[in-house]
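Working through the structure, step by step
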Amino acid sequence: MDGKKVYDILDNSFPDVLEELSAPGSVAFGGDKIPLVGSIFNHLPNDNIYIRFRYDNLVYFSPRVLNVIDTFLNVLKANCFSFQLCENQGYIVKNGQWLHGRKSFIGSREMYRILLNINDMVPTAKISFGFTPSRITNKIL
């Protein structure tokens, strides 16, 4: 699902939920030796925002996030879509903006990654990490 769309919905309809999900230190993502502590919506110096979320046994929420997580999950569910890939198909996703996952599959799994080093200091860069919220984009227009 498009994290920008989810952010904009929360910004317009549930600003209190968005505030809790953006609070620094409100979420700890496990799975590594040292958990990554941050938030679901993270603010970057260039005014972009990136989304990071997982909902399994490797995530820990602050009590304030636990109070609003159901609203967040409902917005996610209402804006989720899926598609089926055939053999030898793939997709490209912009991490920082899109939440993505997979369901089960049959056969062997082969995955290739293309990693881009985004440098926001390069003015000709066409891709930047995260996304610009609509409220900022609308002010520019």
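Residues numbered from 1 in each chain as written. Predicted model: local features only at pLDDT ≥ 70, side-chain atom pairs only at ≥ 80, totals over all residues. Heavy atoms only, no water.

**Some details on the sheet that holds strand E2 (residues 36–38)**
The 3 strands are arranged E2-E1-E5 in an open sheet whose pairing can be described as antiparallel. Each edge of the sheet is formed by a strand with only one pairing partner; in this case those strands are E2 and strand E5 (59–61). The average undirected angle you get between the axes of adjacent strands in this sheet is 15°. Sheet topology places strand E1 (residues 27–29) next to E5; 3 bridges connect them, and they run antiparallel. Its bridge partner lying in E5, Ala 28 is registered against Tyr 60. (Pairing = 2+ DSSP bridges. Helix = DSSP H or I, 4+ residues; strand = E, 2+ residues; numbered from the N terminus. Axes fitted to C-alpha atoms, helices over the stretch in contact; angles between N-to-C directions.)

**Examining the pattern of salt bridges**
Counted by the stated rule, this structure contains 3 salt bridges. One salt bridge in this structure joins Asp 8 and Lys 4, with 3.1 Å as the shortest N-O distance. One end of the pair, Asp 8, and the other, Lys 4, are both in helix H1 (residues 3–13), 4 residues apart, so they sit about a helical turn from each other. The class for Asp 8 is buried, based on a relative accessible area of 12%. A salt bridge links Arg 64 to Glu 20, with the shortest nitrogen-to-oxygen separation between them at 2.8 Å. Residue Arg 64 is found in helix H3 (residues 63–78), and its partner Glu 20 is found in helix H2 (residues 15–21); the two are separated by 44 residues along the sequence. Judged by relative accessible area, which is 13%, Glu 20 ranks as buried. (Salt bridge = Lys/Arg side-chain N within 4 Å of Asp/Glu carboxyl O. Buried < 20%, exposed > 50% of the residue type's maximum accessible area, 1.4 Å probe, protein only.)

**Regarding the side chain of Ser 39**
Its location among the elements puts Ser 39 in the loop between E2 and strand E3 (41–43). Exposure remark for Ser 39: the relative accessible area of 4% places this residue in the buried category. Within the structure, Ser 39 has its side chain in polar contact with the backbone oxygen of Phe 41 (distance 2.8 Å). Those residues in contact with Ser 39, other than ones at most four positions away along the chain, are Leu 21, Ser 22, Ala 23, Ser 26, Val 27, Phe 29 and Arg 52. (Polar contact = N/O pair within 3.5 Å; in protein donor to acceptor, adjacent residues only side chain to side chain. Contact = heavy atoms within 4.5 Å.)

**With respect to the environment of Phe 14**
Mapped onto the elements of the fold, Phe 14 is located in the loop between H1 and H2. Along the sequence, Phe 14 and Val 75 sit 61 residues apart, while their C-alpha atoms lie 9.9 Å from each other. Beyond its immediate sequence surroundings of up to four residues, Phe 14 is in contact with Ile 9, Thr 71 and Val 75.

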